[in-house]
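What the coordinates show
The chain contents come next:
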Amino acid sequence: MLLETSSLTKSFGGLVAVDRIDLAIRKGEVRGIIGPNGSGKSTLFNLISGVYRADPGGKVVFDGRDITNADPHRIARLGVARTFQLLRIFGGMSALENLLIGHHGLIRYGTASAILGTRRVRAEERRVRQEMMELLSFIGLADFAEMPAAEMSIGQRRLLALGRAIAMRPKLLMLDEPAAGLSPVNVDKLLETVLALKSRYGLTVVIIEHILKVVMETCETITVLDHGEKIAEGPPAAIKEDHRVIEAYLGKEMDDAEVREFLRAS
Ligand SMILES: Nc1ncnc2c1ncn2[C@@H]1O[C@H](COP(=O)(O)OP(=O)(O)OP(=O)(O)O)[C@@H](O)[C@H]1O
Ligand SMILES: [Mg+2]
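To start, this report covers the structure provided alongside it. (Residues numbered from 1 in each chain as written. Chains lettered and ligands numbered in written order. Predicted model: local features only at pLDDT ≥ 70, side-chain atom pairs only at ≥ 80, totals over all residues.)

1. Notes on the sheet that holds strand β2 (residues 15-25)
Across the sheet, which stays open at both edges, the 4 strands sit in the order β2-β1-β4-β5 with antiparallel pairing between neighbours. Every interior strand has two partners, whereas the edge strands, β2 and β5 (65-66), have only one. Here helix α1 (residues 41-48) sits on the sheet and contacts β1 (3-12), β2 and β4 (59-62); the angle it forms with β2, its principal contact strand, is near 65°. (Pairing = 2+ DSSP bridges. Helix = DSSP H or I, 4+ residues; strand = E, 2+ residues; numbered from the N terminus. Contact = placed C-beta atoms within 7 Å. Axes fitted to C-alpha atoms, helices over the stretch in contact; angles between N-to-C directions.)

2. Regarding the packing of helix α3 (residues 95-104) against helix α6 (residues 154-166)
Axes are the key here: two packed helices are described by the angle between their axes and the distance separating the axes. It is at 7 Å that the axes of α3 and α6 come closest, and there the two elements cross at 35°. Like other packed secondary-structure pairs, α3 and α6 cross with a definite hand, here right-handed. Here α3 contributes A95, N98, L99 and G102 to the contact with α6, which in turn contributes L160, G163, R164 and A165. A per-class count over the contact of α3 with α6 returns 4 nonpolar, 3 polar and 1 charged. (Left-handed = near helix turned anticlockwise from the far one by under 90°. Nonpolar A, V, L, I, M, F, W, Y, C, P; charged D, E, K, R; others polar.)

3. Considerations on the site of ligand 1
Taken together, F12, L15, A17, G35, N37, G38, S39, G40, K41, S42, T43 and Q85 make up the full set of residues adjacent to ligand 1. At the level of elements, β2 and α1 are the ones that each hand at least two residues to the shell around ligand 1. At 3 residues, α1 tops the list of elements feeding residues into the shell around ligand 1. Looking at the shell around ligand 1 residue by residue, the classes come out as 3 nonpolar, 8 polar and 1 charged. (Near = placed C-beta within 6 Å.)

4. A few points about helix α7 (residues 184-201)
Spanning 18 residues, α7 covers 26 Å between terminal C-alpha atoms, matching the ideal 26 Å at 1.5 Å per step. Turning to α7, its buried residues number three or more, namely V187, L190, L191, T193, V194 and L197. Projected onto a plane normal to the axis of α7, the buried residues spread over an arc of 160° and lie on a single side. Along α7, the residues that are exposed and aim more than 90 degrees away from the buried face are P184, V185, E192, S199 and R200. (Expected span 1.5 Å × (residues − 1). Buried ≥ 20, exposed ≤ 12 C-beta atoms within 10 Å, placed from the backbone. Arc of directions from axis to C-beta.)

5. Section: the sheet that holds strand β6 (residues 80-82)
Sheet architecture is open: 6 strands sit in the order β6-β7-β8-β3-β9-β10, paired in mixed fashion. Looking at which strands have only one partner, the edges of the open sheet turn out to be β6 and β10 (229-234). Ignoring which end each strand starts from, the neighbouring axes of this sheet average 20° apart. Across the sheet, α1 is in contact with β3 (30-34), β6, β7 (172-176), β8 (204-208) and β9 (221-226); its angle to β7 comes to roughly 150°.

6. Considering the pairing of β7
The element β7 is extensively covered by neighbouring structure, given that 5 of its 5 residues are classed as buried. With burial as the criterion, each face of β7 is covered, one bearing L172, M174 and D176 and the other bearing L173 and L175. Sheet topology note: the β6/β7 ladder contains 3 bridges and is parallel. Its bridge partner lying in β7, R82 is registered against M174. Pairing geometry for β7 and β8, over 5 bridges, is parallel. Looking at the pairing, D176 lines up with I208 of β8. In this fold, the crossover linking β7 to β8 by way of α7 has right-handed handedness. (Right-handed = clockwise from strand over helix to strand, strands pointing away.)

7. Regarding the nonpolar core
If you look at the biggest cluster of nonpolar residues, it comprises 65 residues, and the most contacted ones within it are V80, A95, L136, L173, M174 and I207. The element best represented in this core is α6, accounting for 6 residues. When sequence neighbours within four positions are dropped, the list of residues in contact with V80 reads I48, S49, F62, I75, P170, L172 and M174. (Core = buried A, V, L, I, M, F, W, Y, C linked by C-beta atoms within 7 Å.)

8. As for the environment of F12
By the secondary structure assignment, F12 is in strand β1. We classify F12 as exposed; it has 10 C-beta atoms within 10 Å. In this structure, the C-alpha to C-alpha distance between F12 and D55, residues 43 residues apart in sequence, is 9.9 Å.

As structure tokens, then:
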């Protein structure tokens, strides 16, 4: 397994946001995580990526290493990249600069120049720029390399957030609602890009997504959370018919209207 959690739990005061979650994600897998609003999906990502501290007793093992409550930078350097539900790209910076920042998170340039000498560092920087330009073309943003992110469309910014996570050369890519706010055409484009990136870079992917079409078409296995607990796990076809899953979504508002529509239609 590339990622394993056991009994992972997070309470905020009296609220148990993530409740004893066991997950086992195989290398090369594309895993979907769904669940109604407030069911603990983002909190689960925050625990795995070290943003929140887990309650005692929980454990996260990545690539054979215990990373429970490790520093977020260390977790990132070990190969876990994630995007945030609310985009965290730098609006004043160009697309290329955003990717370079993602990549620089990985390298300590001060140390590098001390060891390698400035000329070799410059050569290395040229190489990295070229690599990041290739990544920009791969995600379809080459023409926007110099454009400030703030001037881009939401679809382009979502792609850029994806690119920035990839710039860290991760083994595991965790996407928190990567398609939120996109038109159906852009949702399809984003999905295609995720799958293309996965095969090109040999990634393992975990996607939190409200748009059920996305998880149903993309993931081999889906994990369903409700009130912090795992209520179901399995292939899309079985999840669609699971009565606990259907019940969890009934009576929910807003974002989940689309989910109810989907469950009814199938
Ligand atoms: N920092 C925090 N402090 C207090 N409560 C929090 C905090 N972060 C999350 N929660 C609570 O934990 C629960 C789970 O939240 P979380 O954001 O993980 O849900 P989610 O499944 O990602 O929801 P959504 O689909 O709306 O993104 C919610 O009740 C939320 O209010
Ligand atoms: Mg969330």
